[in-house]
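# Fold and contact review
Here is how the chains run, residue by residue.
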2 protein chains.
Amino acid sequence: MRTLPGIPNLHSHAFQRAMAGMAERQGNPEDSFWTWRETMYRMAERFDPDTLHAVASQLYVEMLEAGYTSVCEFHYLHHAPGGRRYEDPAAMSRALLRAAADTGIRITLLPVLYMSGGFDGRPLGERQQRFGHGVDDFLALIQALRAEQGERVRIGCALHSLRAVPQAAMDAVVSALPRDMPVHIHIAEQVGEVQDCLALRNARPVEWLLDNAEVDARWTLVHATHLEPAETRGVARSGATVALCPTTEANLGDGLFPMRDYLAAGGAYGIGSDSHISVSPVEELRWLEYGQRLATGRRNIVAGADSPSVGETLLQAVCDSRRNATGFDGEGDTLTLDMHAPQLVGANDTDLVDRWIFSGNRNLVDTVHVAGEQLVSGGIHRDRDTIAARYREAIKKLL
Amino acid sequence: MRTLPGIPNLHSHAFQRAMAGMAERQGNPEDSFWTWRETMYRMAERFDPDTLHAVASQLYVEMLEAGYTSVCEFHYLHHAPGGRRYEDPAAMSRALLRAAADTGIRITLLPVLYMSGGFDGRPLGERQQRFGHGVDDFLALIQALRAEQGERVRIGCALHSLRAVPQAAMDAVVSALPRDMPVHIHIAEQVGEVQDCLALRNARPVEWLLDNAEVDARWTLVHATHLEPAETRGVARSGATVALCPTTEANLGDGLFPMRDYLAAGGAYGIGSDSHISVSPVEELRWLEYGQRLATGRRNIVAGADSPSVGETLLQAVCDSRRNATGFDGEGDTLTLDMHAPQLVGANDTDLVDRWIFSGNRNLVDTVHVAGEQLVSGGIHRDRDTIAARYREAIKKLL
């Protein structure tokens, strides 16, 4: 029986797990990313470190059971309601680290710098007060958290987006970071964001970033949906990773990444579950490929003529994204599949991954190890029930 | 706890369940629907009534466990290899009826008329010999099968496609059928099919059908992907049902149905799992909506301003398609969800369906009844293990 590598999850906002499936009912024919964001802001207001810990623990159990062995936590819910600092300014960050430690998943914690409400530099709105930092207290937060690094913990840095981080702040933060620290940024997810950037910086977001930052292998560009061909080639050449989040990008109506051109230029990519309306590498990878098929009218888009298997190509690519995007090498992160499942009858080592990703709906993950430690057996995390019970209590407080 | 209606599955080719996940590895940059069809033909060659019964039984168990309570079986694998007739010409049809009876699912068996290999009337190719009929033996097959109708069995009729059924045969068959019998047809799935129809019949497929057949509420048009606006409105006005198969249409790179215009014109639709690379109303409905979001850059496409919930709108529509497309009224076909699942914590009757369809990956179906009889409890069909064991043996013969 073949052992598969654990999958790195490159993009997560853990608290959003609590609202999965609850933002599909606005009865608004103009519903869009921006109306969804209002729902998300209302949910964000209610969290404290204990509820965040409970929700993140449940999420990480679900990730491990689905075959994710590490998570990049793009974390912007830093402060108490209204922006009041917690006694420990890292309290919310530590809640996430505790959830990772309790469940055993590896975490790349990416505290998010969030400074303004738009490209014009307007101050944060009332609901964004919990997200805000200046450059100095942001760097102090990162410095404090670096003491927590270990076998399963990396501290990176995230810039929320070009609209939320002025150029001078971006320069100051990026130049102050250790050279090996991953830097993640949301970019070019929405057409409105591209238009604002063009209007105020006279360039498209990715175009501007490539011109104004030393984008290299330590950078992960999240979404990067709306690209002109020169931007697509520029990202591929930079060595950066693109974090694609197919289920969230579809749920939010973002659009489709120009995969074929990006692959032709040799670009690197991984996947993330982002808003957690789905927590499954199978659904992300399946629909990453399917979205491209719908756009092109062809099959087998990610695998070129020299690859025998779409599934193997996808799996290899997302695992290759691990080191640069997460800071981990993934040693001892493995999973096995349930070879007794009907989807896998007669499967052999060469068609196993295609069958896993492209057939059926039952979760086929049987065992999961992180850093050599077994956390999931028979598809069930060792603390599934305890953590689910705590999650239930937290959700009752949040709803 | 709210009881939900069972979901009708409007389009199934049961034998294709055996190749789910095995057609993703051609390493062919020109891979398309047509190369996929070659793989499918190779698999079709190997079936006999016993293996078809075993594979269909496994499929129907999976359907029931996922919440489908009836299936329209678009059945064209009629004869022995090379086109030799079985002693009982209905042997393969009866294998499907037996699988339905063994599992308890309702079946609308749609024997398929398949006469030629293209719009130019060319004879069937070697691999299509198992599918073929003349008008008379086809009507005799339908007549023989009608004796099997009962509480959970309806016999309808399918025309494979315009390319496989000459006009005179279509007219002869449709006029000979009882007026209340459902008629299904594959139509406008592929651009190549639209081009051939334009070249040889001087009209697009749906345009031609609307002009040359009395398309009304007894008709189900499967896929109908490639439509001009006048065709979209024409189908909606006809009272026909469109059977959308989002996972298969994505897997095959077919394209996206013009949902927004069709709904504006009051069109009826249901869903089908078709090639069975997915067997879940959740994945079909989720991605039916998501595909439209990706195409439009908006959210909440199927629910208008007067509907509070995308999920409720989808569920209502696909259940409304039941009577015309399947011939059943669905009385006693119900399901309940596992209210202890983490996705449903705090759910109430109004957000239950949104949460079911738009969050998570674990199958939430707890109990399923068909015609008042309980077939699934705790998410597991009463004969899951026996039927899976028989499926394993069949697959070993087929691979």
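Notes on the structure in this doc start here. (Residues numbered from 1 in each chain as written. Chains lettered and ligands numbered in written order. Predicted model: local features only at pLDDT ≥ 70, side-chain atom pairs only at ≥ 80, totals over all residues. Heavy atoms only, no water.)

Looking only at helices and strands, chain A features 15 helices and 14 strands. Rg of the C-alpha trace for chain A: 20 Å, near the compact-globule value of 21 Å for 399 residues, within the 12% margin. Each principal axis of the C-alpha distribution contributes one length, and for chain A these read about 60 × 50 × 45 Å. In chain A, of all internal contacts separated by at least 6 residues, the share reaching a separation of at least 24 is 76%. Side-chain charges of chain A comprise 39 positive and 52 negative groups, with the mean position of each set lying 2 Å from the other. (Helix = DSSP H or I, 4+ residues; strand = E, 2+ residues; numbered from the N terminus. Rg over C-alpha atoms; globule rule 2.2 N^0.38 Å. Contact = heavy atoms within 4.5 Å. Lys, Arg positive; Asp, Glu negative; His and termini not counted. Charge placed at Lys NZ, Arg CZ, Asp CG, Glu CD.)

The next point concerns the nonpolar core. Of all hydrophobic cores here, the largest spans 272 residues; its most connected members are Tyr60, Trp219 and Trp356 of chain A together with Tyr60, Trp219 and Trp356 of chain B. Those residues in contact with Trp356 of chain A that sit more than four places away from it in its chain are Leu4, Ile7, Ala66, Pro281, Val282, Arg286, Leu315, Leu335, Leu337, Leu344, Leu364 and Val365 of chain A. (Core = buried A, V, L, I, M, F, W, Y, C linked by side-chain atoms within 4.5 Å. Buried < 20%, exposed > 50% of the residue type's maximum accessible area, 1.4 Å probe, protein only.)

This part takes up the sheet that holds strand 12 (residues 365-370) of chain B. All names here are of chain B. Ordered by their spatial adjacency, five strands build an open sheet running 1-11-12-13-14, and the pairing between neighbours is antiparallel. At either end of the open sheet lies a strand with only one pairing partner, and these are strand 1 (4-5) and strand 14 (380-381). Bridge count for strand 13 (residues 373-377) against strand 14 is two bridges, and the pairing is antiparallel. Considered in strand 14, the bridge of Val376 is made with His381. (Pairing = 2+ DSSP bridges.)

All names here are of chain A. The pairing of strand 12 (residues 365-370) with strand 13 (residues 373-377) spans three bridges and is antiparallel. Pairing of Val370 across the sheet is with Glu373, part of strand 13. Hairpin connection from strand 13 to strand 14 (residues 380-381): two residues lie between these consecutive antiparallel strands, with Gly378 at a positive phi of about 60°.

Moving on, we come to the pattern of salt bridges. Applying the stated criterion to the full structure yields 45 salt bridges over all chains. Of the charged contacts in the structure, one is a salt bridge between Asp120 of chain A and Arg122 of chain A, with a shortest N-O distance of 3.0 Å. Among the charged side chains, a salt-bridge network with shared partners connects Glu24 of chain A together with Glu289, Arg293 and Arg299 of chain B. (Salt bridge = Lys/Arg side-chain N within 4 Å of Asp/Glu carboxyl O.)

Let us look at the packing of aromatic side chains. Scanning the entire structure with this criterion turns up 23 aromatic pairs over all chains. Centre to centre, the rings of Trp287 of chain A and Trp287 of chain B are 3.8 Å apart; their planes meet at 0°, and the pair counts as stacked. Placement of the pair is Trp287 of chain A in helix 11 (residues 281-296) and Trp287 of chain B in helix 11 (residues 281-296), with the two residues belonging to separate chains. In this pair, the class of Trp287 of chain A matches that of Trp287 of chain B, namely buried. Taken together, the ring pairs connect Phe15, Tyr41, Phe47, Tyr76, Tyr114 and Phe131 of chain A into an aromatic cluster. Sitting over the ring of Trp208 of chain A, Arg201 of chain A keeps its end group 4.4 Å from the ring centre. (Phe/Tyr/Trp six-rings, centres within 6.5 Å; stacked < 30°, edge-to-face > 60°. Lys NZ or Arg CZ within 6 Å of the ring centre and 35° of its normal.)

Right, let's talk about the environment of Pro246 of chain A for a bit. Structurally, Pro246 of chain A can be placed in helix 9 (residues 246-251). Given the relative accessible area of 9%, Pro246 of chain A is considered buried. Apart from the residues within four sequence positions on either side, Pro246 of chain A is in contact with Glu284, Trp287 and Leu288 of chain A together with Trp287 of chain B.

Moving on to the relation of the copies chain B and chain A. With an RMSD of 0.0 Å, the fit of chain B onto chain A corresponds to turning through 180° and sliding 0.0 Å along the axis. Here the two chains are linked by the operation of a two-fold rotation axis. A shared interface surface links the copies, since 100% of the contact residues of chain B are contact residues in chain A too. (Least-squares fit on C-alpha atoms with pLDDT ≥ 70 in both.)

Moving on to the interface of chain B and chain A. With 68 residues of chain B at the contact, the number on the chain A side is 68 residues. A combined buried area of about 5,700 Å² lies between chain B and chain A, and 48% of that area is made up of carbon and sulfur atoms. The interface formed by chain B and chain A contains seven salt bridges. The closest approach of N and O atoms between Arg362 of chain A and Glu65 of chain B, which form a salt bridge, is 4.0 Å. Inspection of the chain B/chain A interface yields 28 residue pairs in polar contact (both at pLDDT 80 or more). Going through the elements one at a time, helix 1 (33-44), helix 2 (49-66), helix 9 (246-251), helix 11, helix 14 (352-358) and helix 15 (384-398) of chain B are the ones with two or more residues in the side of chain B that touches chain A. Among the elements that line the side of chain B that touches chain A, the one with the most residues is helix 11 of chain B, at six residues. Looking at the side of chain B that touches chain A, its residues break down into 24 nonpolar, 24 polar and 20 charged. (Buried area = accessible area lost by both parts, 1.4 Å probe. Polar contact = N/O pair within 3.5 Å; in protein donor to acceptor, adjacent residues only side chain to side chain. Nonpolar A, V, L, I, M, F, W, Y, C, P; charged D, E, K, R; others polar.)

Residues and elements named next belong to chain B. By secondary structure assignment, the location of Thr103 is in helix 3 (residues 91-103). Within polar-contact distance, the side chain of Thr103 engages the backbone oxygen of Ala99 at 3.0 Å. Setting aside anything within four residues of it in sequence, one finds Thr103 in contact with Ser57, Tyr60, Val61, Leu64, Leu375, His381 and Ile387.

Every buried residue of helix 12 (residues 310-320) of chain A is accounted for by Val310, Gly311, Leu314, Leu315, Ala317, Val318 and Cys319 of chain A. On its buried face, helix 12 of chain A sits against strand 1 (4-5), strand 2 (7-12), strand 10 (268-271), helix 11, helix 13 (322-326) and helix 14 (352-358) of chain A.

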